[in-house]
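Chains, contacts and geometry: an overview
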Amino acid sequence: MNLSRRSLLAATSATAVTAATTLMTTAGTAHASPVAGASAEAGPRPGSGAEAAPTAGFDTLLQRAESLLTGGGFDPADPDFTDAVAALDTTAGGLWDTLDRSAGRTSLWPDLAPLTDPGNFGQSYTRLRTVATAWATEGTSLAKNAQVADALVAALRFTHDTAYNPARRETGNWWFWEIGAPRALMDCSVVLRDRLPGADLADYLAVVDRFCPDADRRTNSPTLSETGANRTDKAVIVALRGLLGQDPAKLVSARDALSDVRDLGRNSLFRYTSSGDGFYQDGSFVQHDVVAYTGSYGIVLLSGTAYLLALLAGSEWAVADPEVSVMYDAVERTFAPVIFDGLMMDSVRGRAISRERAGDHRDGATALAAILLLASGAPAEYATRWRALVKGWLTRNRTTPFEGLATLPQLALAKAVLDDRTVPAGPRSTGSQVFADMDRVVHRRPGWACALSLSSKRISAYEAGNGENLHGWYTGDGMTYLYDGDDLGQFNDGFWPTVDPYRLPGTTVDTRQRTDLGTGAGTSTYRPANAVAGGAVLDGRYGAAAMEVIGGQGTTLRTRKSWFLLDNAVIALGAGITASDGRPVETIVENRNLGTDGRHRLLVDGVRQPVEQGWSGTFGQARWAHVEGVGGYVFPGGTALHALREQRTGTWRAIDTGADTGGSTDPVTRRYLTLWTDHGTSPTDARYAYVLLPGASAAATAVWSASRPVRIVADDSTAQAVEVRRAGLTAVNFWGAGTAAGITASGPASVLVRRHGAHIRVAVADPGRTLTTLSVQLPFHVRALAAADDSVSLVPGRRPVLTVAVGGSRGHTHRAELVP
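Rules behind the numbers
- Residues numbered from 1 in each chain as written.
- Predicted model: local features only at pLDDT ≥ 70, side-chain atom pairs only at ≥ 80, totals over all residues.
- Heavy atoms only, no water.
- Helix = DSSP H or I, 4+ residues; strand = E, 2+ residues; numbered from the N terminus.
- Rg over C-alpha atoms; globule rule 2.2 N^0.38 Å.
- Buried < 20%, exposed > 50% of the residue type's maximum accessible area, 1.4 Å probe, protein only.
- Contact = heavy atoms within 4.5 Å.
- Areas by Shrake-Rupley, 256 points an atom, 1.4 Å probe, with all protein chains shown as cover.
- Lys, Arg positive; Asp, Glu negative; His and termini not counted.
- Charge placed at Lys NZ, Arg CZ, Asp CG, Glu CD.
- Pairing = 2+ DSSP bridges.
- Axes fitted to C-alpha atoms, helices over the stretch in contact; angles between N-to-C directions.
- Phe/Tyr/Trp six-rings, centres within 6.5 Å; stacked < 30°, edge-to-face > 60°.
- Lys NZ or Arg CZ within 6 Å of the ring centre and 35° of its normal.
- Disulfide = S-S within 2.5 Å.

**Some points on the overall build of the protein chain**
For the protein chain, the count of helices and strands is 17 helices and 37 strands. Taken over C-alpha atoms, the radius of gyration comes to 27 Å for the protein chain, in line with the 28 Å a tight globule of 820 residues would show. Each of the 820 residues in the protein chain was classed as buried or not, and the buried ones make up 64%. For the protein chain, restricting intrachain contacts to residue pairs at least 6 apart in sequence, the fraction spanning at least 24 positions comes to 70%. In the structure as shown, the protein chain presents an accessible area of about 27400 Å², 49% of it carried by carbon and sulfur atoms. Charge centroids of the protein chain, computed over 78 positive and 83 negative side chains, lie 6 Å from each other.

Below you can see the structure in the form of structure tokens.
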């Protein structure tokens, strides 16, 4: 067992889940506690000095902590739990069988030697926790086995004396010293608390006091204040240390860390931020200052907060901050938009995409479990909606069912929701959303979703380091993730170790050879020089997204890319494609993972193409293509299309060599069907245009190509624009002052205009954040504003002019409704 550092904590927090009924039973009066949504008057605000009458003491909370780890009082004979018990038993049994229990041992497991290495003692503690959890779980072969308990106590003592004690100085990765090891150590101590000698427990509390004394500061850099997921991680550790040591001050410190009373809110997890780490009002979540990380660090933060709220509920240390509503709102504002049928979109998982044991389905399952745990103490208005959302996700994902990924505590929560007939299965959400503060765009329709991974001088194109994400070069260059409800395994089924990393769908790339990223210690990011990345949304239904690609890092490539997100299509345009490096430049239309033996039919202009591996073809003026089980691709005006079927073999180790996260060297083989346009060597002002029709049949694709229901009216370095006459929609991305589709803009902007019924609706954004005000002139008569944001004013007339104060809006959409 060799879990990644970040997935370790995600799993730890998510393992801290049990049925809401069990939680409420152990909490005693949890429904009456402030965590259940009471007002500020209903309980003391953190740091206020006021104290509620204690309702749940140390022993009660310690028992709850154990239940959160093991799953509590489920029936091991219940067939719904059989597989999860067996999985825990198999994993823990294997670790027990290979645990070195000899008197002269120098490590606990031979592959984790020397024990003094931070990664090795960190992982040793997590393995001991797995064995300890099985020992405490009824139905496993290790349950309550005295020999196992004695060996665990001895192993904890050996690890402390040999590798992790207050006399040691931090070396290597700080995370093991301050988060990974102390969290696993505290979990082990909770489970074994009745078997641990007092002197041993005192030693373990002392080592936590040395390396994680509070959640506010980085121990090895005291001037650095902890933020986001790291702060939550540490708050959980401090809380468990407080319970084990019966230290009320530690529990107060852990609780207050969520609100950051001492720092006067600068790092509160319950307040929105406008820069750096944390939650943003538009739903973005950023960690490491410049990385879109909803699906990794964001899950850890959600899981840890849900854990603390549940753990401390009904006690005098219960979280009473009324601004916990920020976390409640984040479920639907931040997390739900990037979860598709239970999987977490890879565009917000950062370097975690390279982790073999942390795929989109597994991280999605962790998020679902955290949401259910949070629902156990949230106000009914939130909890009711969340349970329906989760039930819909659980019931639709049959590709990698939750029960195959879940721990016992996670399974208990899911079972409670699935068995509750009063909870409906929520449908898929629909609509467009621009997460301007993390350069991500998500467009959702009833049967599919599309996610765009952008980057700019504000948000990193990728993060790599500690041996992870070695081939993430182009993941932030407009990679287009297409999710189909009938193919949930696309990015989860061996995609990252086998895909051609130079041909990620949606990207325009210089074909030069690249060297591996992140091979050294620590993590690093790359922010390109472009300002424009983002877009605007109209009516929550239609979107316009744009990104300027400025190659940097050894290439002169530049291009301007647009996506127009519609009811049944995504229009992709590229213009100004220029480079002078003597290398070919390509735009990748699709690179579809067909699985281990896929023979999906490909039609080009209605002609069936060969299915043999290794086949390739070039089509001089292709107008449309169709991939069986995926959808259609239309090329307005025709394009020189290249197609390739290939069987690719790779290893997880090739993209993740981390000491603690490193993937296996076992070969993984998948088949791919790739479609791309070659712009030639050192192109000048080249362009492309293609249309994605997710889920469309071949016949529907042919009809779309012939009828052209969407007209491309501009695709150049000044503007890119489309008209959808049936919807009355015009959408333009301006790259500077100019006119397109009858709309004139005074500077770079995304503009959507829809004439529908008695009103005209307009949406405007400045995705480059370079302007203070923007003027938009419309091509038809307008009499007045019916409604508008405060930032919008109107000069009516035959050629009305909207003036939009975009300065300081950080690329967010401004809206107006006009009366013709």
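**A short note on the sheet that holds strand β36 (residues 801–804)**
Taken in spatial order, the 5 strands make up an open sheet running β29-β30-β33-β36-β35, and their pairing is antiparallel. Of all strands in the sheet, those with a lone pairing partner are β29 (738–740) and β35 (792–795), marking the two edges. The sheet shows a mean angle of 20° between the axes of neighbouring strands, taken without regard to direction. Judged from the 4 bridges that link them, strand β33 (residues 774–777) and β36 form a sheet pairing that is antiparallel. When the bridges of β36 are listed, Leu 774 appears paired with Val 804.

**So, the packing of aromatic side chains**
Here the distance between the centres and the angle between the planes together describe a pair of aromatic rings. In the structure shown here, the tally under the stated rule is 27 aromatic pairs. Taking 5.2 Å as the distance between ring centres and 45° as the angle between the ring planes, the aromatic pair formed by Trp 177 and Phe 211 counts as tilted. Placement of the pair is Trp 177 in helix α7 (residues 174–191) and Phe 211 in helix α8 (residues 198–211), with a sequence separation of 34 residues. The same class applies to Trp 177 and to Phe 211, which are both buried. Ring-pair connections join several aromatic residues into one group, and the members of that group are Phe 340, Tyr 481, Tyr 483, Phe 491, Phe 495, Trp 496 and Tyr 672. One cation-aromatic arrangement involves Arg 183 over Tyr 307; the distance from NZ or CZ to the ring centre is 5.0 Å. Sitting over the ring of Phe 780, Arg 755 keeps its end group 4.3 Å from the ring centre.

**Structural notes on the sheet that holds strand β4 (residues 285–287)**
One open sheet accounts for 3 strands, arranged β3-β4-β5; its pairing is antiparallel. The sheet is open, and its two borders are formed by β3 (278–279) and β5 (291–292), each paired with just one other strand. With 2 bridges joining them, β3 and β4 adopt antiparallel strand pairing. Within β4, the position partnered with Gly 278 by the bridge is Val 286.

**Topic: the state of the cysteines**
This structure, assessed with the given rule, holds 0 disulfides. The closest cysteine sulfur to the non-disulfide-bonded Cys 188 is located on Cys 212, 16 Å from its own sulfur. For Cys 188, a relative accessible area of 1% corresponds to the buried category.

**Some points on unusual backbone geometry**
Cis geometry is found at the peptide bond from Ala 113 to Pro 114, where omega equals 0°. With respect to the secondary-structure elements, Pro 114 resides in the loop between α4 (79–98) and α5 (118–135). Located in the positive-phi region is Gln 246, a residue other than glycine, with phi close to 50°. For Gln 246, the location among the structural elements is in the loop between α9 (228–244) and α10 (248–259). For Gln 246, a relative accessible area of 48% corresponds to the partly exposed category. Phi at Asp 439 takes a positive value of approximately 55°, unusual for a residue other than glycine. With respect to the secondary-structure elements, Asp 439 resides in the loop between β8 (431–435) and β9 (440–444).

**Topic: the environment of Leu 69**
Take Leu 69: it is sitting in helix α3 (residues 58–70). When its relative accessible area of 7% is taken as the criterion, Leu 69 is described as buried. Residues Leu 69 and Val 190, spaced 121 residues apart in sequence, show a C-alpha to C-alpha distance of 9.3 Å.

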